[in-house]
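# Observations on the three-dimensional arrangement
Chain by chain, the residues:
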Amino acid sequence: MTRYPWYICALCRERITDAEGVPLEFANTSISGGFAWRRAGDETFHEARGYLGLLDGRPVRVSEARFGGIVAEPMASPSAVVGPILAEGEDDRPRGRPPHS
């Protein structure tokens with residue numbers, strides 16, 4: 001994807017956890033977008049700008065994609081604080097194109 005060259009696939013996105021290792025679920029808040037998260041098994045979604053979670057112990061940023069949907073990308077900084085993103089924050093996505101494998 002040109003807009004999200006580092007995006008994490010949907011199957012791997014299902015493995016994202018909070019700091020305590022509890023799996024997380026993500027959704028749009030309406031048909032026109034928005035972002036919400038919840039711990040797996042909880043009834044209530046929580047609105048936020050995004051969520052900094054962990055994928056296999058590595059920090060990832062999950063947020064609303066430009067035209068709806070959910071996108072997850074690895075963080076460039078391993079010292080990111082895990083939890084919801086509630087206000088405007090610094091964009092810490094990796095720059096450039098991903099390496100070819």
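Reference entry: report on the structure contained in this document. (Residues numbered from 1 in each chain as written. Predicted model: local features only at pLDDT ≥ 70, side-chain atom pairs only at ≥ 80, totals over all residues. Heavy atoms only, no water.)

Of the regular secondary structure elements, the protein holds one helix and seven strands. For the protein, the N- to C-terminal ordering of α and β elements is α-β-β-β-β-β-β-β. Sorting the 101 residues of the protein into buried and exposed places 33% on the buried side. Taking contacts inside the protein between residues at least 6 apart in sequence as the whole, the part at least 24 apart equals 47%. Surface summary for the protein: the accessible area is close to 6700 Å², and the carbon and sulfur share equals 51%. (Helix = DSSP H or I, 4+ residues; strand = E, 2+ residues; numbered from the N terminus. Buried < 20%, exposed > 50% of the residue type's maximum accessible area, 1.4 Å probe, protein only. Contact = heavy atoms within 4.5 Å. Areas by Shrake-Rupley, 256 points an atom, 1.4 Å probe, with all protein chains shown as cover.)

The pairing of strand β1 (residues 24–27) with strand β2 (residues 36–39) spans four bridges and is classified as antiparallel. Across the sheet, residue F26 finds its bridge partner in β2, namely W37. Alignment of β2 against strand β3 (residues 46–47), held across two bridges, turns out to be antiparallel. If you follow A36 over to β3, its bridge partner there is E47. Connecting the antiparallel pair β2 and β3 is a turn made up of six residues, with G41 showing a positive phi of about 95 degrees. (Pairing = 2+ DSSP bridges.)

Ordered in space as β1-β2-β3, the three strands form an open sheet in which the pairing is antiparallel. Looking at strand neighbours, the two that pair on one side only are β1 and β3, the edges of this open sheet.

With that out of the way, let us pick up the sheet that holds strand β6 (residues 70–74). Taken together, the four strands give an open sheet; going across it, the order is β6-β5-β4-β7, and neighbouring strands pair in antiparallel fashion. Two strands close off the open sheet at either side, each with one partner strand: β6 and β7 (83–85). Put simply, the sheet's adjacent strands are angled 30 degrees from each other on average, direction ignored. Pairing analysis gives three bridges linking strand β4 (residues 50–55) to β7, with the strands arranged antiparallel. Along β7, the bridge assignment pairs L52 with G83. (Axes fitted to C-alpha atoms, helices over the stretch in contact; angles between N-to-C directions.)

The next subject is the pairing of β4. Summarising burial for β4: six of the six residues are buried, a large majority. Taking every second residue as pointing to the same face, both faces of β4 are buried, with G50, L52 and L54 on one and Y51, G53 and L55 on the other. Where β4 folds back on strand β5 (residues 58–64), the antiparallel hairpin that results is connected by two residues, among which D56 adopts a positive phi of roughly 55 degrees.

Limitation: the analysis is restricted to geometry and does not speak to function.
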